[in-house]
Protein chains: 2
Amino acid sequence: MIHKLDSPGNKKVAESTVRRLTVYLHYLESLPEAEAVSSDELAVLVGTTPAQVRKDLSFFGSFGKRGLGYPATELVEQLCTILGLDRTWKVCIIGAGKLGLALANYPGFAGRGFQVSGVYDTDPNKIGGPWDALTIRDVANLKADSGARPYDIGVIAVPASSGQQVADILVDAGIKAIMNFAPVQITAPNDVVVRMVNMVLEFEALSFALTQRSK
Amino acid sequence: MIHKLDSPGNKKVAESTVRRLTVYLHYLESLPEAEAVSSDELAVLVGTTPAQVRKDLSFFGSFGKRGLGYPATELVEQLCTILGLDRTWKVCIIGAGKLGLALANYPGFAGRGFQVSGVYDTDPNKIGGPWDALTIRDVANLKADSGARPYDIGVIAVPASSGQQVADILVDAGIKAIMNFAPVQITAPNDVVVRMVNMVLEFEALSFALTQRSK
């Protein structure tokens, strides 16, 4: 039984905690049917201790019953609330290439409440053309568009050399969360959350590790 | 002028250093033509100091000339050597779904020397079917296949619930580098390098940050 959900208020939540919460959620959702899970089971999943799992979850309220584990269905619901996945986030993608398309069609992206509702480019040959169910718009329109119907998250899907420029445009349009796919570190004001993800960089790091090892 | 490339030998290279090296490389490659770049320019790119850039690069040998910067073309070449991107890595993907296909067609993946040369699944309806230019094989064949023509990197592209099981199969097949796309923490012996990347988890972390902020 889940008692109540405390708001963490001003308590700072570590990035590693957030990562574990998302992993718990995906695991619980992958279970074939509603059942109870133990903190031991969740601990193995993220490579931590059962005590850490209980700490992670108690941070947001009181979950589960001693000895009975956590009821999976309710825990999923609560994790979605904690993570803000019980609502829709409006996403715009800057850079109308293959990467953005892959993202929009990525399993579990739209289903998670991430709704791609705008796509922008600077290339006159692309602007006005179709992209999934949307029409590619000129990035010069972003600020005006965002004023009328604000975007929650902006995705940078352009080459490294234009990454920072696009970040500045997103910030100027009042967007407070940026997902950066460009292989470049971008800077933004403190009130803007920025995350970076790039599959190729990750593979390159694997390549490096293999190379060092064979020396 | 690049003098020589020292091997870092047993010196341990921090993950953050590797990340910066990959970012330098992508930036240098995105430059329109061969030119010299300064450590100041590279520092801005990764959000560090010029001194750190010089340290990163001198770790692997002596690059550049004081006051003249680093010659971009030669630096690209050297970074590729350091990162092991001057050769081909044979990649197998376990899980013949959309994610693996997106990866195989990801811009800059094959071009970087990552060659998807095998794809495996457990689903009898998929095994034997076409996948890009390959035929989907039964994962039960992985060990034998890898004995004949070893894979360098194994990619886990299955749901969370089968992630660890697939990791064990890859390890058993003698594969020493694993890229995990399943939203679950996997464990492997110390001589196996494991990296995890999952776009949805990253977006969920953004969602969490936005949610906390609006409280």
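Residues numbered from 1 in each chain as written. Chains lettered and ligands numbered in written order. Predicted model: local features only at pLDDT ≥ 70, side-chain atom pairs only at ≥ 80, totals over all residues. Heavy atoms only, no water.

J.: So what exactly am I meant to see when it comes to the interface of chain B and chain A here?
T.: Note on interface size: it is often stated as the accessible area lost on association of the parts. Listed by partner, the interface residues are 64 residues for chain B and 65 residues for chain A. Interface area for chain B against chain A, summed over the two sides, is near 6200 Å², with a carbon-plus-sulfur share of 71%. Per-residue buried area on chain B facing chain A is highest for Met199, Phe203 and Phe208 of chain B; these three make up 12% of the total on that side. The tally of links from chain B across to chain A stands at six salt bridges. Here glutamate 202 of chain A and arginine 195 of chain B are joined by a salt bridge, their closest N and O atoms 2.8 Å apart. In this structure, the connection of chain B to chain A is made through 18 residue pairs in polar contact (both at pLDDT 80 or more). For the side of chain B that touches chain A, the elements supplying multiple residues, two or more each, are helix 1 (15–30), helix 2 (39–46), helix 4 (72–83), helix 5 (98–104), strand 10 (153–156), strand 11 (177–180), strand 12 (193–196) and helix 8 (199–213) of chain B. Here the element with the most residues in the side of chain B that touches chain A is helix 8 of chain B; it accounts for 15 residues. For the side of chain B that touches chain A, the per-class residue count stands at 39 nonpolar, 15 polar and 10 charged. (Contact = heavy atoms within 4.5 Å. Buried area = accessible area lost by both parts, 1.4 Å probe. Salt bridge = Lys/Arg side-chain N within 4 Å of Asp/Glu carboxyl O. Polar contact = N/O pair within 3.5 Å; in protein donor to acceptor, adjacent residues only side chain to side chain. Helix = DSSP H or I, 4+ residues; strand = E, 2+ residues; numbered from the N terminus. Nonpolar A, V, L, I, M, F, W, Y, C, P; charged D, E, K, R; others polar.)

J.: Whenever I open this one, the sheet that holds strand 7 (residues 137–138) of chain A confuses me. Can you help?
T.: Sheets are built from strands paired through backbone hydrogen bonds, the pairs being either parallel or antiparallel. All names here are of chain A. Here we have six strands laid out as an open sheet, ordered 7-4-3-8-9-10, and parallel in their pairing. Because the sheet does not close on itself, it has two edges, and the strands there are strand 7 and strand 10 (193–196). Two elements, strand 3 (residues 89–94) and strand 4 (residues 114–121), share six bridges in a ladder whose sense is parallel. Its bridge partner lying in strand 4, isoleucine 93 is registered against valine 119. (Pairing = 2+ DSSP bridges.)

J.: How do you make sense of unusual backbone geometry when you look at a structure like this?
T.: Leaving glycine aside, a negative phi is the common case for residues, and trans is the common case for peptide bonds. Positioned with a positive phi, aspartate 132 of chain A is a non-glycine residue whose angle comes to about 55°. Turning to its location among the elements, aspartate 132 of chain A is positioned in the loop between strand 5 (130–131) and strand 6 (134–135).

J.: I keep staring at the relation of the copies chain B and chain A and nothing clicks. Help me out?
T.: Both copies of the chain are related by one operation, a rotation about an axis with a shift along it. Take chain B, turn it by 180°, move it 0.0 Å along the axis, and it overlays chain A with an RMSD of 0.0 Å. This pairing of chains is accounted for by a two-fold axis. When C-alpha positions in chain B are compared against the rotation axis, the closest is assigned to alanine 102 of chain B, at 3.3 Å. Both copies share a contact surface, since 100% of the interface residues of chain B are interface residues in chain A too. (Least-squares fit on C-alpha atoms with pLDDT ≥ 70 in both.)

J.: Would you mind going over the packing of aromatic side chains with me for this structure?
T.: In the structure shown here, the tally under the stated rule is 10 aromatic pairs over all chains. Considering the side-chain rings of phenylalanine 181 of chain A and phenylalanine 203 of chain B, the 6.4 Å spacing of their centres and the 65° angle between planes classify their relative orientation as edge-to-face. Placement of phenylalanine 181 of chain A in the loop between strand 9 (177–180) and strand 10 and of phenylalanine 203 of chain B in helix 8 is noted, with the two residues assigned to different chains. What makes phenylalanine 203 of chain B buried here is its relative accessible area of 0%. Put simply, the rings of Phe109, Phe114 and Phe181 of chain A together with Phe203 of chain B touch in pairs and so form one group of aromatic residues. (Phe/Tyr/Trp six-rings, centres within 6.5 Å; stacked < 30°, edge-to-face > 60°. Buried < 20%, exposed > 50% of the residue type's maximum accessible area, 1.4 Å probe, protein only.)

J.: For this particular structure, what's the right way to read the packing of helix 8 (residues 199–213) of chain A against helix 4 of chain B?
T.: Angle between the axes and distance between the axes: these two values describe a pair of packed helices. Remark: helix 8 of chain A packs on helix 4 of chain B, axes separated minimally by 7 Å, with the N-to-C direction vectors making an angle of 70°. Overall, the two elements helix 8 of chain A and helix 4 of chain B adopt an arrangement that is roughly perpendicular. Taken together, the residues of helix 4 of chain B that come into contact with helix 8 of chain A (itself represented by Glu204, Ser207, Phe208, Thr211 and Gln212 of chain A) are Thr81, Ile82 and Leu83 of chain B. Looking at the contact of helix 8 of chain A with helix 4 of chain B residue by residue, the class counts come to three nonpolar, four polar and one charged. (Axes fitted to C-alpha atoms, helices over the stretch in contact; angles between N-to-C directions. Parallel < 35°, antiparallel > 145°, perpendicular 65-115°, else oblique.)

J.: Sorry if this is basic, but what is going on with the sheet that holds strand 5 (residues 89–94) of chain B here?
T.: Taken in spatial order, the six strands of this open sheet run 9-6-5-10-11-12 (chain B), and their pairing is parallel. Single-partner strands in this sheet number two, and they are strand 9 (137–138) and strand 12 of chain B.

J.: I'm lost on the pattern of salt bridges in this one. Help?
T.: Pairing between side chains becomes possible if they bear opposite charge and their charged atoms approach one another. Going through the model one piece at a time under the given rule, you end up with 22 salt bridges over all chains. Across the salt bridge formed by aspartate 145 of chain B and arginine 137 of chain B, the nearest N and O atoms sit 2.6 Å from each other. Judged by its relative accessible area of 17%, aspartate 145 of chain B is buried. Several salt bridges converge on common partners, so that one network encompasses Glu15, Arg19 and Arg195 of chain A together with Glu202 of chain B.

Read these as geometric descriptors, not functional statements.
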